[in-house]
Every structure is written in structure tokens, then in C-alpha cells.
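Here is how the chains run, residue by residue.
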Amino acid sequence: MSAKIISGTEVATQIRVELKKEVDEMKEKHGVVPGLVTILVGSNPASISYVTGKQKTAHELGFYSHQDDQPADVSEADLLKLVDKYNKDPKVHGILVQLPLPKHIDEKKVLNAIDPDKDVDGFHPINVGRLMIGGDEAKFLPCTPAGIQELIVRSGYETSGAEVVVVGRSNIVGKPIANIMLQKGKGANSTVTIVHTGTKDLEAHCKRADILIVAAGVPGLVKPQWIKPGSCVIDVGVNRVGEKLSEKTGKMIPILKGDVDFDAAKEIAGAITPVPGGVGPMTITMLMKNTVKSAKIHAGIK
Ligand code: NAP
């Protein structure tokens, strides 16, 4: 039987409707408007497209949103001053510095300068530590891993006691999603294994997974015979494998493939995310969710 396709596009839309309602209520009952600032240095086309998407969504949800464009030659000191300005601005509850930054700027220094209580990307070491501790300590979960957890939970898969195998140990996906899934609590409480290039028998680990999360960046790495029948497969990989002509725009667009052989895997798994349209649409939505949470915490709203 063919697997249920977990549509990130649909789940993201659903969460955005919930968030819009929450934002409207916050405004009406408490006079609080969530505020998000995105800082863009230079004019990298991919970065422009990412921040534009974030600003557009923030605007649609009724946030106070502002994009601060800085020239590619802005000094590190000036960028740090800018971050400090927004750290102190009460209208701003979330600060996002779009990466990558030009080579003359120490990325780590800039990200670490963001007030951890406004770090809606969840990458500040304090928030990484809070995630490790878990429970109420965890303030802002990094957006892509948080989106993955939402997809699993909303697809109805039982996470408690499930064997979760995560392929990849990056700081932005693999390590945080593994930490999220092993926490004691709802939507987690799983038995987690992380595999990587040093793992001896990748196939044997994947075959055990009730929930398989793949974030390696290697197209087709996970073969259909590695998938446990009926399992939930979350494919985080986004790999450009060529180009095609868009029927809609008449322009060349990238052909994207995940880390899992989707067509074959969907005949074995119980549920699976497509690429594109799976994890991808969740990331911006979770950024918005973090910003709403930050605004509530700052305003003392329960
Ligand atoms: P990354 O930093 O390159 O990390 C990849 C991880 O996968 C590493 O831990 C690596 O192991 C492991 N790996 C690579 N090849 C492997 C193999 N053959 N066998 C076992 N493990 C292997 O990548 P990332 O930033 O986590 O991103 C992973 C993928 O997710 C990419 O395709 C990226 O584009 C995509 N992504 C999507 C979203 C989204 O949809 N919103 C967000 C983030 C990332 P080692 O540590 O041993 O090198």
C-alpha cells in the first residue's frame, strides 16, 4: 500500500492559521504585537529570497516586521552595534541575522551577540543548552527541527517509545532533532540513535527505525530496502540534481531531490514527506511561532 504523504505545505498553512488567530487575540486582549527584525548583509540572491519570504509571512500574520539591509562592506563593529540596538528595542521580540555573512565578519560573534531571549532562530549557545536541558527550560527550538517534530506529531505517529533514527549530526538539523525527540514529554520520549559517516552499518540502523529522519544532503542515500514497513520517513535533504523549464514561469528552475528514494520508499513506509513540499515549508512557519512565543514571554502572557 502506498504511504500517506505528509504535506509540509498543508501543515504549515494550518499552523499559520492558528498563529494568525493567536496574534489577533494578543493584539485585542493585551495590545501586544509580535515584532521580527531580519538583518541582511549584502545582496546574495538566495539570502534576499529567504529574508523576503520571512518578512512576507511576518507581515501576513500581522507582526511588526522590519528588514534592515546593510551593505556588504559593513564593519563587524557596526553590525554588532545594530544587533545591540534591536536587543534593546521593546517592539522587537525576534532578531534574525541572515547567513552567510561576508568573510570579514565573524559569524559566531554576531550570532552570539543576539539576546538569547530574542534568538528566534534558536542557535545561540544558551538556547542550545536550554534545549539539551529540556522541559520548560527549552525556549526557542531551532526552526527546521521544530518543524520536523510538528510534522511527525500532526501525522499521528506515536513518538513515545518509538525507535527514532536520525541520519546526520549537523548543529542545525541532526543534533537538535535528536535532542528534541529524546526529551521526556509529549511528541518525544523516543529512543534515539544518530548515525553519520563514521557509522559502521547504516542500513541496519535505518531498518530498525519506526521514525526515520534523514538530513545528510546526499540524494538517494537511503535505499527503499533500508526502510521498515509502515514507518514514518522524514526526508530533510534538499539536493539540486539538475534544472528544468517551469511551465508556470517559462524560466529554468532547479530540480530538487531528497535524501530518500521517494518513489520506491512510499511503497514501503507508512508515511513520508515529499521533497519539495515536506520539511521545507515548515521552517519559516516555526520562526513565526518562535516570535509569537517570544512576544508572549516578553509581555508576560500565559
Ligand atoms: P550538513 O551540515 O552537511 O550535515 C550532513 C550530515 O549528514 C553530517 O553529519 C554527515 O556526517 C552526514 N552524512 C553525510 N553523508 C553521509 C553518508 N553517506 N552516510 C551517513 N551520514 C552522512 O547538512 P545539514 O545542514 O544538516 O543539511 C542536511 C540536508 O538537509 C541538506 O540537503 C540541506 O539542504 C537540508 N536542509 C533542509 C532544510 C529545510 O528544508 N528547511 C533546512 C536545513 C537543511 P559527518 O558528520 O560524519 O560528516
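Draft legend 1. Structural view of the nonpolar core. Ranked by size, the top nonpolar core spans 44 residues in total, and within it Phe 63, Ile 148, Ile 213, Ile 234, Val 236 and Met 288 carry the most contacts. Put simply, the parts of the chain that give this core at least two residues each are helix 1 (8-30), helix 6 (143-154), strand 5 (163-167), helix 7 (174-182), strand 7 (211-214), strand 8 (232-235) and helix 10 (280-299). A domain-level breakdown of this core finds at least three residues from each of domain 1 (29-118) and domain 2 (143-283). Excluding anything up to four places from it in sequence, Phe 63 contacts Val 23, Val 33, Pro 34, Leu 36, Ala 58, Met 288, Thr 291 and Val 292. Counting residues in each nonpolar core, the second largest holds 17 residues, with Ala 3, Cys 206, Ala 209 and Val 214 among its members.

Draft legend 2. Structural view of the layout of surface pockets. Estimated volume of the largest pocket: approximately 1,600 Å³. Residue lining of the largest pocket: 41 residues in total, with Tyr 50, Thr 144, Val 238, Gly 280 and Thr 283 positioned closest to the centre. Only helix 1, helix 2 (45-60), strand 4 (94-97), helix 6, strand 9 (239-245), strand 10 (252-257) and helix 10 provide two or more residues apiece to the lining of the largest pocket. The class makeup of the residues in the lining of the largest pocket is 25 nonpolar, 11 polar and five charged. Built from parts of two domains, the lining of the largest pocket gets at least three residues from each of domain 1 (29-118) and domain 2 (143-283). In terms of lining residues, the second largest pocket is bounded by 32 residues, among which Ala 138, Leu 141, Gln 149, Lys 289 and Lys 293 are the most central. Breaking the lining of the second largest pocket down by element, the ones donating at least two residues are helix 1, helix 6 and helix 10. Here the lining of the second largest pocket gets seven residues from one element, more than from any other, and that element is helix 10. Taken together, the residues of the lining of the second largest pocket sort by class into 13 nonpolar, eight polar and 11 charged.

Draft legend 3. Expanded view of the site of the ligand. Of all residues adjacent to the ligand, which total 20 residues, the nearest are Arg 169, Ser 170, Thr 197, Val 238 and Thr 283. Note that an oxygen atom of the ligand is positioned 2.5 Å from one of the side-chain N or O atoms of Ser 170. Alone, the ligand offers 930 Å² of accessible surface; in the complex the protein occludes 69% of this. Residue composition of the shell around the ligand, by class: nine nonpolar, 10 polar and one charged.

Draft legend 4. Summary view of the sheet that holds strand 3 (residues 64-70). One open sheet accounts for three strands, arranged 3-2-4; its pairing is parallel. One side of each edge strand has no neighbouring strand; the edge strands of this open sheet are strand 3 and strand 4. Strand-to-strand twist of the sheet, defined as the mean angle between neighbouring strand axes without regard to direction, takes the value 15 degrees. Here strand 2 (residues 35-41) runs beside strand 4; their pairing, made up of four bridges, is parallel. Considered in strand 4, the bridge of Ile 39 is made with Val 97. Here helix 3 (residues 76-88) sits on the sheet in contact with strand 2, strand 3 and strand 4, set at roughly 175 degrees to strand 2.

Draft legend 5. Looking closely at the domain arrangement of the protein. Domain annotation of the protein identifies domain 1 (29-118) and domain 2 (143-283). For domain 1 versus domain 2, the separation of C-alpha centres amounts to 29 Å.

Draft legend 6. Up close: the pattern of salt bridges. Inspection of every chain in the model, using the stated rule, returns 16 salt bridges. Notably, a salt bridge pairs Asp 89 with Lys 91, separated by 3.5 Å at the nearest N-O pair. Residue Asp 117 pairs with Arg 130 through a salt bridge whose shortest N-O separation is 3.1 Å. Of this pair, Asp 117 sits in the loop between helix 4 (107-113) and helix 5 (125-133) while Arg 130 sits in helix 5, and the two are 13 residues apart along the sequence. Linked by salt bridges that have partners in common, Glu 18, Glu 150, Arg 154 and Lys 289 make up one network.

Draft legend 7. Broad picture of the sheet that holds strand 11 (residues 271-272). The sheet built from six strands is open, its strands ordered 1-11-8-7-5-6 with parallel pairing. In this open sheet, the two edge strands, each paired with only one partner strand, are strand 1 (4-5) and strand 6 (191-195). As paired elements, strand 7 and strand 8 share four bridges and run parallel to each other. Paired with Ile 211 across the bridge in strand 8 is Cys 232.

Analysis parameters
Residues numbered from 1 in each chain as written. Predicted model: local features only at pLDDT ≥ 70, side-chain atom pairs only at ≥ 80, totals over all residues. Heavy atoms only, no water. Core = buried A, V, L, I, M, F, W, Y, C linked by side-chain atoms within 4.5 Å. Buried < 20%, exposed > 50% of the residue type's maximum accessible area, 1.4 Å probe, protein only. Helix = DSSP H or I, 4+ residues; strand = E, 2+ residues; numbered from the N terminus. Domains from an automatic or database assignment. Contact = heavy atoms within 4.5 Å. 1 Å grid on protein atoms, 1.4 Å probe; cavity = no way out; pocket = protein on both sides within 12 Å on 5 of 7 lines; lining within 4 Å. Points joined across faces, edges and corners; volume = space filled by probe spheres on them. Nonpolar A, V, L, I, M, F, W, Y, C, P; charged D, E, K, R; others polar. Near = heavy atom within 4 Å. Polar contact = N/O pair within 3.5 Å; in protein donor to acceptor, adjacent residues only side chain to side chain. Areas by Shrake-Rupley, 256 points an atom, 1.4 Å probe, with all protein chains shown as cover. Pairing = 2+ DSSP bridges. Axes fitted to C-alpha atoms, helices over the stretch in contact; angles between N-to-C directions. Salt bridge = Lys/Arg side-chain N within 4 Å of Asp/Glu carboxyl O.

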